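# Breakdown of the fold
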Amino acid sequence: MNRFLRQIESYWQQLRSVMGNEYRTIFSDGGVMLILIFALLIYATAYSLAYAPQVLRNVPIGVIDQSQTSTSRSLVESFNAGPNTYVAYNPTDMEEAKNLFFDRKIYGVVYIPSDYEEKLLGGQQAVVAIYCDASYFLMYRQVFQEVVTSIGKTGAMVEFQRLIAKGANIPQAQAVTQPVIYQAHNIFNPYLGYGTFVMPAIIMVIIQQTMLIGIGMIGGTWREHGLYHKLCPPGRRRMSTLPIVLGRGLVYLSIYAVTCFYVLALHYRLFHYPMNGATGTILLFLAIYMAACIALSIAVSTLFRYRENSLLLLLWTSIPLLMLSGVSYPREGMPDWLYNFGQIFPSSHGVNAFIRIQTMGASLSEVFDEIKALVILGVIYSGLACIGIHLVLKQEQADRCGQDAE
Amino acid sequence: MGFLHNTFAVLEREVQRLRRQPIYGVLMLALPLTSFIFFAILFHKGVARDIPIAVLDEDHSTLSRKVAQMIEDTPTARVAYGIQSMTEGERLMREGRISAIVQIPAFFEKNILSNTQTHMEAYVSGTNITVNGLLSKDIQTAVTMFGAGIQIQLLTKQGLTERQAMAQLQPVRFDKHVLFNPYINYGYYLSPSFMPMMMLIFIVMVTVFSIGTELKNGTAREWLRTADDSVGAALLGKLLPATAAMFLLSLVMLTIIFKVVGVPLNGSLALILAGTLLFIVSYQSISVLIVSLMANLRLSLSIGGGYSVLAFTFSGLTFPIMAMYPAMRAVSKIFPFTYYTDLFVDQMLRGAPAVCSLPDLGGMALFIVLPLLCLPRLRHICTEEKFWGRS
């Protein structure tokens, strides 16, 4: 029992020494502070500002109206009436429309033929041609949706009037014109805001990436200058591995607790992102997610020999990791094995769980699969972190003994 | 003559350095290639299919099953769950198992058969607007087709021919022409944007590292002396090998984009190549500016890295620049990547006339002025020892 207490006492002493040393390291190093503390704040703000208008409205389109009748003009007006498009130009022919298009003045063209009114009044089918550009997806979607909806509504109106003219009563005419009223509701993000969609994922990925790079930078510095032995409190000869991993982890956790508090409490309100998660659920999830990220980062950090290596080698992975989480690009569109490979990174689970907790208001039991995966990853990476630190300490000691001998 | 001679001397020294340090091979070959292959595989399918959804059928009739089957038959949607209540559907959605719920109300068939208007609802999750867009479109199409089928039956019962019925139920028909990227393939516009994005990160990293490491290791004066104290020659000789290596790498990238991913080349390859070269040089120029101002390897890497990652958002490929606030639209101009993506949309997908791409080439070329402005500062930090050894 006595021995056990002594062991605890010694671990506690080491833990305090490690934590003090870690805070000193971080706050005396501008480069590390920039990544571990400020990057999250800067990126969250920069991206949110770029996406702040959230939705694309009033995409300019061109209409070639060969009909020039009141019937065709009412169709043109219906394109203007919707929120997503406006008729910016009335080119006289396709050639002119093409030039406007290449100059990026318009992003879609509607061609109304000269026989438009004649056909409609004669009870025949009129054909309108739509040319839209799929080189920018959001533009394509807005233009296509608006134009097709307008044409559909105009058509339904004409059909309705024809039926009434034939002597049908209103309910009958309605039932023939539109037997099934279809309504689609976008839930959790009713206006399909771009920031609301992508920011939760970006924030989760930034947390993991800044930890990987920042902690990697500290690890690289220590190895480059042989500083690991400084962790040893005075009067002790050897360091235990566990207090190092635990102590460092607690320090990073405390720092991210502050920055994440800012992002989730203030930043989220500032940019009106949905906050449907229960506070307790978010806190527990974030603690587990960060623990997994920190363990991964400490494990990886023991591999870097130089200070700048983590940044050089890891920066590029941010975008691929965001993709692997299946948010920006749907997981059904990528090969299954690649998606499964992505599961070894905490971010893949973190992004999915966080969106569901914070945007959809999921409870802990509803994100249980992700939490379980994060705990497993956390345990594995903690093990690897301990092994890594142990090996680095041993090597450094061997190097110093070698130097002492010389 | 002297300038060329000095440049060549530095160039020789630089090639030696690139060969000696393995990190350059990793940054200019191994990692970029890995990232290109990653994106080629990621976008290989190009489209998302069979996204799971749930159907809440409160009618349990032939017609309700028919409309559910028509939704199932669309390319994007897969009816993975038949649910008994909305609560169950909401739970499945929060568990991440489905992306949409389609609700078919009771008396659906009865209303249709008795010629009364009925309704149908879909609840599509907006948390992923890419998935939302695909699902909304396909479910809507399926329901519209189902409605049209009923209309035709009603009208033919009234004695109209099928042709007349078609004209009656759809007085205005539209002919859809998708210009450029007619397959609406994600791969076609995401590969040519993500691969150059990876390239620019590595260009910035390599350039900052190759200059910054001279400061860190205190070899800056020797570097300058190799150029016979001509800072212009020193810089040119230092940058050229990386420019050449990165340009070769970009040829590999373009080959992957055109031959493996299969992106069409509707415009001018010459303009794309010229633009790619300018793209590389413009990012090298920005890196020189950053490292000259910071005079510190790690800080320059952090700032250069931070700057390079932002480029994607501000290029307007996903969220269009047109929709951004005016201040953010101005910010988008400080990233050469913005001009480069305009160029590839014009020259790969659209086949726009060359005139349309000249402003983009000009925009990128402007960045080349930056290193000329900071030559004096670069000379200063290379000769003052107080800037050395800081990492």
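Residues numbered from 1 in each chain as written. Chains lettered and ligands numbered in written order. Predicted model: local features only at pLDDT ≥ 70, side-chain atom pairs only at ≥ 80, totals over all residues. Heavy atoms only, no water.

Within chain B, the regular secondary structure consists of 17 helices and 5 strands. Dimensions of chain B, computed from the C-alpha atoms along their principal axes, are close to 95 × 45 × 40 Å. Sorting the 391 residues of chain B into buried and exposed places 59% on the buried side. Within chain B, contacts between residues separated by at least 24 positions form 76% of all contacts whose residues are at least 6 apart in sequence. Taken as a whole, chain B presents about 15,400 Å² of accessible surface, with 61% of it coming from carbon and sulfur. (Helix = DSSP H or I, 4+ residues; strand = E, 2+ residues; numbered from the N terminus. Buried < 20%, exposed > 50% of the residue type's maximum accessible area, 1.4 Å probe, protein only. Contact = heavy atoms within 4.5 Å. Areas by Shrake-Rupley, 256 points an atom, 1.4 Å probe, with all protein chains shown as cover.)

This part is about the pattern of salt bridges. Applying the stated criterion across every chain, the model contains 21 salt bridges over all chains. For Glu366 of chain A, the salt bridge goes to Arg94 of chain B, with nearest N and O atoms at 2.9 Å. In this pair, Glu366 of chain A is assigned in the loop between helix H14 (346-359) and helix H15 (368-405) and Arg94 of chain B in helix H4 (residues 86-94), connecting two distinct chains. Each member of the pair, Glu366 of chain A together with Arg94 of chain B, is buried. (Salt bridge = Lys/Arg side-chain N within 4 Å of Asp/Glu carboxyl O.)

This brings us to the sheet that holds strand S2 (residues 85-89) of chain A. Taking strand neighbours across the sheet as the criterion, the 5 strands line up as S2(A)-S1(A)-S3(A)-S4(A)-S5(B) in an open arrangement whose pairing is mixed. Because the sheet does not close on itself, it has two edges, and the strands there are S2 of chain A together with strand S5 (172-179) of chain B. On average, each strand axis in the sheet is tilted by 30° relative to the strand beside it, whichever way the strands run. Where strand S1 (residues 59-65) of chain A and strand S3 (residues 108-112) of chain A come together, 4 bridges link them in parallel fashion. Looking across to S3 of chain A, one finds that Val63 of chain A is bridged to Val110 of chain A. (Pairing = 2+ DSSP bridges. Axes fitted to C-alpha atoms, helices over the stretch in contact; angles between N-to-C directions.)

Across the boundary between the two partners, chain B contributes 118 residues, which contact 107 residues of chain A. Here chain B packs against chain A, burying approximately 10,100 Å² in sum over the two surfaces, 67% of which is carbon and sulfur. Here chain B and chain A share 8 salt bridges between them. Here Asp342 of chain B ties to Arg104 of chain A by a salt bridge, and the two come within 3.6 Å at their closest N and O atoms. Linking chain B with chain A are 45 residue pairs in polar contact (both at pLDDT 80 or more), by the criterion used here. Ranked by residues supplied to the side of chain B that touches chain A, first place goes to helix H6 (residues 129-157) of chain B with 15 residues. Of the residues contributing to the side of chain B that touches chain A, the split by class is 68 nonpolar, 34 polar and 16 charged. (Buried area = accessible area lost by both parts, 1.4 Å probe. Polar contact = N/O pair within 3.5 Å; in protein donor to acceptor, adjacent residues only side chain to side chain. Nonpolar A, V, L, I, M, F, W, Y, C, P; charged D, E, K, R; others polar.)

Residue and element names in this part refer to chain B. Summarising the element assignment, Pro192 is placed in helix H8 (residues 186-216). Take Pro192: its relative accessible area is 1%, and that puts it in the buried class. As for Pro192 and Gly147, which are separated by 45 residues in sequence, their C-alpha atoms are 40 Å apart. Those residues within four positions of Pro192 in sequence are excluded, and the remaining contacts are Gly187, Ile257, Val263, Phe344 and Met348.

One open sheet accounts for 5 strands, arranged S5(A)-S4(B)-S3(B)-S1(B)-S2(B); its pairing is mixed. The two strands at the open ends of the sheet, each matched to only one other strand, are strand S5 (180-187) of chain A together with strand S2 (77-83) of chain B. Pairwise comparison of adjacent strand axes, ignoring direction, gives a mean angle of 25° for this sheet. Two strands pair when backbone bridges link them, and strand S1 (residues 51-57) of chain B and S2 of chain B are joined in this way by 6 bridges, in the parallel orientation. By the bridge assignment for S2 of chain B, Leu56 of chain B is matched with Ile83 of chain B. On the sheet, H6 of chain B packs against S5 of chain A together with S1, S2, strand S3 (100-104) and strand S4 (118-125) of chain B and is oriented at approximately 170° with respect to S5 of chain A.

The next subject is the packing of helix H1 (residues 2-20) of chain B against H8 of chain B. Residues and elements named next belong to chain B. Their axes nearest at 12 Å, the elements H1 and H8 cross at an angle of 95°. Taken as axis vectors, H1 and H8 run roughly perpendicular relative to one another. Contacts between H1 and H8 pair Arg13, Glu14 and Arg17 from the former with Ser210, Thr213 and Glu214 from the latter. When the residues that make up the contact of H1 with H8 are grouped by side-chain class, the tally is no nonpolar, 2 polar and 4 charged. (Parallel < 35°, antiparallel > 145°, perpendicular 65-115°, else oblique.)

The next thing to look at is the side chain of Arg356 of chain A. Along the chain, the position of Arg356 of chain A falls in helix H14. When neighbours within four sequence positions are excluded, Arg356 of chain A is seen to be in contact with Gly361, Ala362, Glu366, Val367 and Glu370 of chain A together with Met93, Arg94, Glu95 and Gly96 of chain B.

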